[in-house]
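Breakdown of the fold
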Amino acid sequence: MTVIALPSLLLPMTGVAGLQVLALVSLFAATFIVIEYTVASPSFVEFRSAPPFNRLRFIALTAIVLILSLILRGIEAPSTLTRLMHLLAERIGYALDFPFSPVRLMLLMMPAGTDPAVLDVLRMATGLSYVVALGSTLIFAAMLGAHHWPARNGAFNVWVNLPMFDPTAGGDIVARLQRDGQVNLILGFLLPFVFPAAGKVASLFMAPFAMTEPHSLIWIVSAWAILPASLMMRGIALHRVAGMIHSQRRRNYAQAAANGMLPT
């Protein structure tokens, strides 16, 4: 609830209807998360009992929303903190604004004649958000080896941690997990490039994204950054689970062979 309400707490939001919708969405999100983490059988949230997978994603989303809100707040009410965020985001944005980069593609998505000030804000927002999202993915990948995730949390329950994955659907479970992991990694890598292109095509048939409105900019850029990072983290996690199952199979096979229980 706090993360969803954060932009409205730091930035002015006009209209009673908008505040009512915000309160409704915040309440729904909070209720959904509480239910998913308290019931015995989750329905959508994956890796519920395998921290810090979801914690890293939540921290990354919170950091992106908070930083973008501070940058946009600094335009109207500058302070030492907002100036620092603005300077950091400006340098990162220009460093990542090169041909065919995700930041450049997001800028090219905007319609011709867009105010240069809007493009500057979008460059800062996309550059810093992309770095935060990529950093969270690298941190998760580094923690796999350092903390032996998810084995350090005890036995890994596929039913609880992968509620959308059916182990009995057919086919080898290791091959299916590896295939799903590869698909997630590919989608996570391509999505920052595909999203601007899809937005450009969509603008030919409908009104372009209202990136000039601060709240819209925050949530569009946040989704653009965090969804690919989540997909890549999920792909890494699925590969790790597949490796755990494969290793367990090999140990069981070796033990059975040592006990003379394998068929000749």
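Refer to the structure printed above.
Because the structure is a prediction, the values reported are computed rather than measured.

Looking at unusual backbone geometry
Excluding glycine, a negative phi dihedral is what most residues carry, and trans is how most peptide bonds are arranged. Here the bond from Pro-51 into Pro-52 is cis, since omega is 10°, no more than 30 degrees from zero. With respect to the helices and strands, the residue Pro-52 is situated in the loop between α2 (16-38) and α3 (53-76). Unlike most non-glycine residues, Phe-47 shows phi in positive territory, near 55°. Positioned with a positive phi, Phe-100 is a non-glycine residue whose angle comes to about 70°.

Examining the packing of aromatic side chains
Think of a pair of aromatic rings as described by two things: how far the centres are apart, and how the planes are tilted against each other in angle. Tallied over the full model, the rule gives eight aromatic pairs. For the ring pair Phe-53 and Trp-149, a centre distance of 6.4 Å and an interplane angle of 25° mean the geometry is stacked. You can see Phe-53 sitting in helix α3 and its partner Trp-149 sitting in the loop between α6 (116-147) and α7 (158-161), a full 96 residues away along the chain. Each member of the pair, Phe-53 together with Trp-149, is buried. An aromatic cluster is defined as three or more aromatic residues linked by ring pairs; in this entry it consists of Phe-47, Phe-53, Phe-140 and Trp-149.

Things to note about the side chain of Arg-123
Turning to its location among the elements, Arg-123 is positioned in helix α6. Accessibility expressed as a relative area gives 11% for Arg-123, which makes it buried. In this structure, Arg-123 is in contact with Gly-93, Tyr-94, Asp-97, Val-103 and Leu-107, ignoring residues within four places of it in sequence.

Quick word on α6
A turn of α-helix holds 3.6 residues, and therefore any two residues three or four places apart point the same way. A rise of 1.5 Å per residue sets the reference length of α6, with its 32 residues, at 46 Å; its end C-alpha atoms lie 46 Å apart and thus fit the reference within 8%. Residue His-148 follows α6 closely and has a positive phi angle near 55°.

Topic: helix α9 (residues 214-258)
Helix length check: α9 (45 residues) gives 66 Å between terminal C-alpha atoms against 66 Å at 1.5 Å per residue, within 8%. The backbone nitrogen of His-215 has a side-chain oxygen 3.0 Å away, supplied by the residue at the start of α9, namely Glu-213. The positive-phi residue at the C-terminal boundary of α9 is Gly-260, with phi of around 70°.

Here we look at the packing of helix α4 (residues 80-96) against α6
Contact pair α4 / α6: the axes reach a minimum separation of 7 Å and the direction vectors enclose 85°. Our classification of the angle between α4 and α6 gives roughly perpendicular. Across from His-86, Leu-88, Ala-89, Glu-90, Ile-92, Gly-93, Tyr-94 and Leu-96 in α4, the residues of α6 making contact are Asp-120, Arg-123, Met-124, Gly-127, Leu-128, Tyr-130 and Val-131. Residue composition of the contact of α4 with α6, by class: nine nonpolar, three polar and three charged.

Conventions adopted
Residues numbered from 1 in each chain as written. Predicted model: local features only at pLDDT ≥ 70, side-chain atom pairs only at ≥ 80, totals over all residues. Heavy atoms only, no water. Helix = DSSP H or I, 4+ residues; strand = E, 2+ residues; numbered from the N terminus. Phe/Tyr/Trp six-rings, centres within 6.5 Å; stacked < 30°, edge-to-face > 60°. Buried < 20%, exposed > 50% of the residue type's maximum accessible area, 1.4 Å probe, protein only. Contact = heavy atoms within 4.5 Å. Expected span 1.5 Å × (residues − 1). Polar contact = N/O pair within 3.5 Å; in protein donor to acceptor, adjacent residues only side chain to side chain. Axes fitted to C-alpha atoms, helices over the stretch in contact; angles between N-to-C directions. Parallel < 35°, antiparallel > 145°, perpendicular 65-115°, else oblique. Nonpolar A, V, L, I, M, F, W, Y, C, P; charged D, E, K, R; others polar.

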